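# A look at the structure
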Amino acid sequence: MLLLDIKNLTIELKTPDGLIRAVDRVNLSLREGETRGLVGESGSGKSLIAKAIVGVLNKRWLVNADRFNWCGQDLLRLPYDQQRKVIGRDIAMIYQEPSRSLDPTAAILEQLEEAIPDHLLEGPWWKRAYMRRRKVIGLLHKVGVRDHQAVLQSYPYQLSEGVCQKIMIAMAIAKAPKLLIADEPTTALESTTQAQLFRLLASFNQLKGTSVLLISHELESIARYTQSLSVLYCGQLVEAGETASIIKHPYHPYTHALIKSVPEFQPNLQPKTPLYALPGSIPVLQHLPIGCRLGPRCPNARKECVKTPTLERLQNHYYSCHFPLTGKKDV
Amino acid sequence: MNTLLEVKDLCKTYRKQTGWFSQRSVIALENISFTLSEGKTLAIVGETGSGKSTLAKLLVGIEKPDSGDILLAGQHVKISHYRQYNHVIRFIFQDAAKSLNPHQKIGQMLDDVLRFSTVLDPQQRKLKIRQTLKQLGLLDEHSEYYPHMFSGGQLQRVALARALILDPKLLILDEALTALDPSLRAQIVNLLLELQQKSGLAYLLITNHLRLVRHIADDLLVLHQGKALDYGNTAHVFAHAEHDYSRKLINSAIT
């Protein structure tokens, strides 16, 4: 069953010069128990999409979608209170930069206790405080913090980035969500901690059946831990499908470039040889090219590319390009 | 191949006053030795607190070592010679956007560098700036720009321009590639490799990004809590790491 089903999500920013379309008709769907990666460079709108799903964008952003279904309910058309209730119950998010997202003025114990909803605590009311405390310690053990006593009494600034990130995860899983959104969970971490964290997320996915939406700009780390993948460029969805098939055979020139620019996916590449790189840089939001936004940087752009390509489907593999790298010659 | 930089038994301890008479000392680096030849790349990897950044600071002279020698092309380096050898070793910081002065135009900033450490007259300085910008794929007009007018990748190029304008022999990159987006990173990596081939620049790469290290570094030094664990040819260390910690680090990045 589809847990999350988003069709043509458009997010626009109100500015004095008119609307800027930061996310342009993106489709995203998630099955129960699926891990999906969302890959894109900075400014591609991946965090915006995540924030739109949890509904924390402020009033300056206009969010529109043809369909924005969560378990069959259209979230955008629900009354505000109910929307908050549904999201609060089912979706949890791990934000970027944990040490900044945690409350600097409260000890970890307080913050974790606050994250546990009442209905998950059993027993009579006079035992509530004790149960809550036990649950907090249990959560910390679950995310791999062994020395809970020291951590609980600390403030966020006293802990390392990795431990802060684990606490964020503990807060996120406290309410046993159906969907866990991890927004760049590993940017600030070292490679050993990174691997630990991904394993942790994978274990929640397997043991509890939690769906995970993993957002990152590092394709290589995401590819290892996800079943399906969506690739964004400048707010447009360029390719979506199963991770293995995308990595093996990308159809979109951008995905192709992304994969080729990572030495890890090129086992035959000699050390110290130049990497494959697209020319130019990511356009800023104020000066987006019309049509396919990759246009000016694309190696095989043609006249048709000034029109936005529609999302095509080939088996379970979606791509939006006029001239996909499918091998066969059309046109 | 000429040896450019030689570091012998470098030690550094930070002392912290904890009471009137009591001190607590933290050993940041302990007996670090390595050599770096011209046109080669040495990567230093390790977790936070392993002393990577301290090592970089010692090399550029921001901090003073407790004991040990830094030899640059066979000559001892001392802090008092800083002006003399800052031509040779240049440093690039992690975040280009934060390390450039937002009040200064790019041209002005590059001019300051030249005025401080060269004897060129204004005309020559202008020419030098133009050459450097061209070398890095930037335009002449860019010298009239302020840092906020550049995109992330261009800013990194500007930071490189500031480092390369003095024609250094060694460039220290402190996590300079980590924060970049993949396609930009590939561009910068290509640029660095090209510069290395053309002018025999040596790089000291301080990073967490082991996959990249395997691609661009000749030698690898694994630091852990201020001690050097494994040191050698990159391919060799990746294949046969001696210490458990380096093996763990390498495995976490590859498998």
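Residues numbered from 1 in each chain as written. Chains lettered and ligands numbered in written order. Predicted model: local features only at pLDDT ≥ 70, side-chain atom pairs only at ≥ 80, totals over all residues.

## Describing the overall build of chain B
- From N to C terminus, chain B includes ten helices and ten strands.
- The C-alpha atoms of chain B give a radius of gyration of 19 Å, which matches the 18 Å a tight globule of 255 residues would have.
- With the C-alpha coordinates of chain B rotated into their principal frame, the extents come out at 55 × 50 × 40 Å.
- A burial count over chain B gives 43% of its 255 residues as buried. (Helix = DSSP H or I, 4+ residues; strand = E, 2+ residues; numbered from the N terminus. Rg over C-alpha atoms; globule rule 2.2 N^0.38 Å. Buried ≥ 20, exposed ≤ 12 C-beta atoms within 10 Å, placed from the backbone.)

## Some words on the overall build of chain A
- Along chain A, the regular secondary structure elements total eleven helices and 13 strands.
- Its C-alpha atoms give chain A a radius of gyration of 21 Å, near enough to 20 Å, the size a compact globule of 331 residues would have.
- With the principal axes as the frame, chain A shows a C-alpha extent of 75 × 50 × 40 Å.
- The long-range fraction of contacts in chain A, counting pairs at least 24 apart against all pairs at least 6 apart in sequence, stands at 63%. (Contact = placed C-beta atoms within 7 Å.)

## Regarding the pairing of strand S7 (residues 91–94) of chain A
Residue and element names in this part refer to chain A.
- On S7, burial covers both faces: Ile91 and Met93 on one face and Ala92 and Ile94 on the other are all buried.
- Of the pairings in the sheet, the one linking S7 to strand S8 (residues 179–183) comprises four bridges and is parallel in character. When the sheet's bridge partners are listed, Met93 is paired in S8 with Ile181. (Pairing = 2+ DSSP bridges.)

## Quick notes on the environment of Ser151 of chain B
- If you trace the backbone, Ser151 of chain B turns up in the loop between helix H5 (122–135) and helix H6 (152–164).
- Judged by local crowding, Ser151 of chain B falls into the partly exposed class, with 17 C-beta atoms found within 10 Å.
- As for Ser151 of chain B and Ala97 of chain B, which are separated by 54 residues in sequence, their C-alpha atoms are 9.2 Å apart.
- Once you skip the residues sitting within four places of it in the chain, Ser151 of chain B turns out to touch Ser281, Ile282 and Val284 of chain A.

## Topic: the nonpolar core
- Judged by nonpolar contacts, the single largest core of 161 residues is most densely connected at Leu9, Ile49, Ala170 and Ile181 of chain A together with Ile172 of chain B.
- When residues in this core are grouped by element, the largest group, nine residues, is from helix H7 (residues 161–173) of chain A.
- Sequence-distant contacts of Leu9 of chain A, that is, excluding residues within four places in its chain, are made with Val23, Val26, Leu28, Ile49, Ala52, Ala65 and Phe68 of chain A. (Core = buried A, V, L, I, M, F, W, Y, C linked by C-beta atoms within 7 Å.)

## Structural notes on the interface of chain B and chain A
- Each partner contributes to the interface: chain B provides 25 residues, whereas chain A provides 25 residues.
- Breaking the side of chain B that touches chain A down by element, the ones donating at least two residues are H6, helix H7 (182–199), helix H8 (210–216) and helix H10 (244–254) of chain B.
- With eight residues, H7 of chain B is the single largest residue contributor to the side of chain B that touches chain A.
- Looking at side-chain class alone, the side of chain B that touches chain A contains ten nonpolar, ten polar and five charged residues. (Nonpolar A, V, L, I, M, F, W, Y, C, P; charged D, E, K, R; others polar.)

## Topic: the packing of helix H4 (residues 108–115) of chain A against helix H5 (residues 128–142) of chain A
Residue and element names in this part refer to chain A.
- Across the interface, H4 lies against H5 with an axial gap of 10 Å and an inter-helix angle of 105°. With respect to their mutual orientation, H4 and H5 come out roughly perpendicular. Two secondary-structure elements touch here, H4 through Leu109, Leu112 and Glu113 and H5 through Arg132, Val136 and Leu139.
- Across the contact of H4 with H5, the residue classes tally to four nonpolar, no polar and two charged. (Axes fitted to C-alpha atoms, helices over the stretch in contact; angles between N-to-C directions. Parallel < 35°, antiparallel > 145°, perpendicular 65-115°, else oblique.)

## A closer look at the packing of helix H4 (residues 106–117) of chain B against H5 of chain B
All names here are of chain B.
- Where H4 meets H5, the axes come as close as 10 Å, and the angle between the chain directions of the two elements is 120°. With respect to each other, H4 and H5 are oriented oblique. Pair H4 / H5 crosses with right-handed handedness. On H5, the residues touching Gly107, Leu110, Asp111 and Leu114 of H4 are Arg125, Lys128, Ile129 and Thr132. (Left-handed = near helix turned anticlockwise from the far one by under 90°.)

## Re the environment of Val88 of chain B
Residue and element names in this part refer to chain B.
- Mapped onto the elements of the fold, Val88 is located in the loop between helix H2 (82–85) and strand S6 (89–92).
- Taking the C-alpha atoms as reference points, Val88 and Lys169, 81 residues apart in sequence, are found 5.0 Å from one another.
- Discounting residues that sit within four places of it in the chain, Val88 has contacts with Leu72, Pro168, Lys169 and Leu170.

## Some words on the pairing of strand S4 (residues 67–72) of chain B
Residue and element names in this part refer to chain B.
- As paired strands, strand S1 (residues 3–17) and S4 are joined by five bridges and run antiparallel to one another. What sits directly across from Lys8, in S4, is Asp69.
- Here S4 runs beside strand S5 (residues 75–76); their pairing, made up of two bridges, is antiparallel. Bridge pairing in S5 links Leu72 to Gln75.

## Points about H7 of chain A
- For H7 of chain A, which comprises 13 residues, the first-to-last C-alpha distance of 18 Å matches the rise-based estimate of 18 Å (1.5 Å per residue) to within 8%.
- Of all 13 residues making up H7 of chain A, twelve are buried, and the element is well covered by its neighbours. (Expected span 1.5 Å × (residues − 1).)

## Observations concerning the environment of His141 of chain A
- Along the chain, His141 of chain A falls in helix H5.
- Along the sequence, His141 of chain A and Ala170 of chain A sit 29 residues apart, while their C-alpha atoms lie 9.1 Å from each other.

## Thoughts on the confidence of the model for chain B
Residues and elements named next belong to chain B.
- With 95% of its residues at a pLDDT of at least 70, chain B reaches an overall mean of 81.
- Mean pLDDT across the elements of chain B ranges from a minimum in H2, with 66, to a maximum in H5, with 88.
- Scored as a complex, the prediction yields pTM 0.79 and ipTM 0.72. (pLDDT = per-residue confidence, 0-100.)

## Some remarks on unusual backbone geometry
- The phi dihedral of Arg25 of chain A falls on the positive side, at around 45°, and the residue is not glycine.
- For Arg25 of chain A, the location among the structural elements is in strand S2 (residues 18–31).
- Even without glycine at this site, Gln225 of chain B takes up a positive phi of about 50°.
- Locating Gln225 of chain B in the fold gives a position in the loop between strand S9 (219–224) and strand S10 (227–233).

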